[in-house]
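Residues per chain, in single letters:
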Amino acid sequence: MEQGDEYDEAATGGGGLGRRERDILALERRGFTGPGVKERAIREELGLAPVRYYQLLNALLDDPRALAHDPVTVNRLRRIRETRRTER
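Residues numbered from 1 in each chain as written. Predicted model: local features only at pLDDT ≥ 70, side-chain atom pairs only at ≥ 80, totals over all residues. Heavy atoms only, no water.

**Student:** Explain the layout of surface pockets here, please?
**Tutor:** Where empty space is left in the structure can be found by rolling a water-sized probe over the atoms. For the largest pocket, the calculated volume is near 370 Å³. The wall of the largest pocket is formed by 13 residues, among which Tyr54, Leu57, Ile80, Arg81 and Arg84 lie closest to the centre. At the level of secondary structure, the elements contributing two or more residues to the lining of the largest pocket comprise α4 (50–61) and α6 (71–87). Tallying contributions element by element places α6 first for the lining of the largest pocket, with six residues. Class assignment of the residues belonging to the lining of the largest pocket gives a composition of five nonpolar, one polar and seven charged. (1 Å grid on protein atoms, 1.4 Å probe; cavity = no way out; pocket = protein on both sides within 12 Å on 5 of 7 lines; lining within 4 Å. Points joined across faces, edges and corners; volume = space filled by probe spheres on them. Helix = DSSP H or I, 4+ residues; strand = E, 2+ residues; numbered from the N terminus. Nonpolar A, V, L, I, M, F, W, Y, C, P; charged D, E, K, R; others polar.)

**Student:** Any chance you could explain helix α3 (residues 37–46) here in plain terms?
**Tutor:** Looking only at α3, the buried set comprises Lys38, Ala41, Ile42 and Leu46. Buried residues of α3, seen end-on, are gathered within an arc of 105° and therefore sit on one face of the element. Of the exposed residues in α3, those oriented more than 90 degrees away from the buried face are Arg43 and Glu44. Contacts made by the buried residues of α3 are with α2 (19–29) and α4. (Buried < 20%, exposed > 50% of the residue type's maximum accessible area, 1.4 Å probe, protein only. Arc of directions from axis to C-beta. Contact = heavy atoms within 4.5 Å.)

**Student:** Can you walk me through the pattern of salt bridges in this structure?
**Tutor:** Counted under the stated rule, the structure contains seven salt bridges. Put simply, arginine 65 and glutamate 21 hold a salt bridge, and the shortest N to O gap is 3.4 Å. Linking arginine 65 in helix α5 (residues 64–69) with glutamate 21 in helix α2, this pair joins segments that are 44 residues apart in sequence. Residue arginine 65 is classed as partly exposed on the basis of its relative accessible area, which comes to 30%. We classify glutamate 21 as buried; its relative accessible area is 13%. In this structure, arginine 30 and glutamate 45 form a salt bridge, with 2.7 Å as the shortest nitrogen-oxygen distance. Residue arginine 30 is located in the loop between α2 and α3, and its partner glutamate 45 is located in helix α3; the two are separated by 15 residues in the primary sequence. Residue classification places glutamate 45 among the partly exposed positions, given a relative accessible area of 47%. (Salt bridge = Lys/Arg side-chain N within 4 Å of Asp/Glu carboxyl O.)

The following block contains the structure:
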C-alpha cells in the first residue's frame, strides 16, 4: 500500500472527498514555476511518487464528488486531458 492510502480511506466518511483527494485538487490549483517544482511538491507535501499522484488525479477527474468540490479545477483538467488524448 502506498504511503498515505490509509488516511484517505479513513477520511472519506460522509460521502465527500477524503483529505488526500482535496489536497490533490488544491495542489492542482497552484501555479508552479520551473521544471521539477511540482514533482518536488508532490513528494514533499503529499508523500506520493509523481506516477502515483497522476494515477490518483486521473481517477479523481472522473469522480462526481471532485466535480462538486472544485468544478473550475476539475473541468480545466478534464479539458487538458481530452486535448492530450485527441492529440495522440
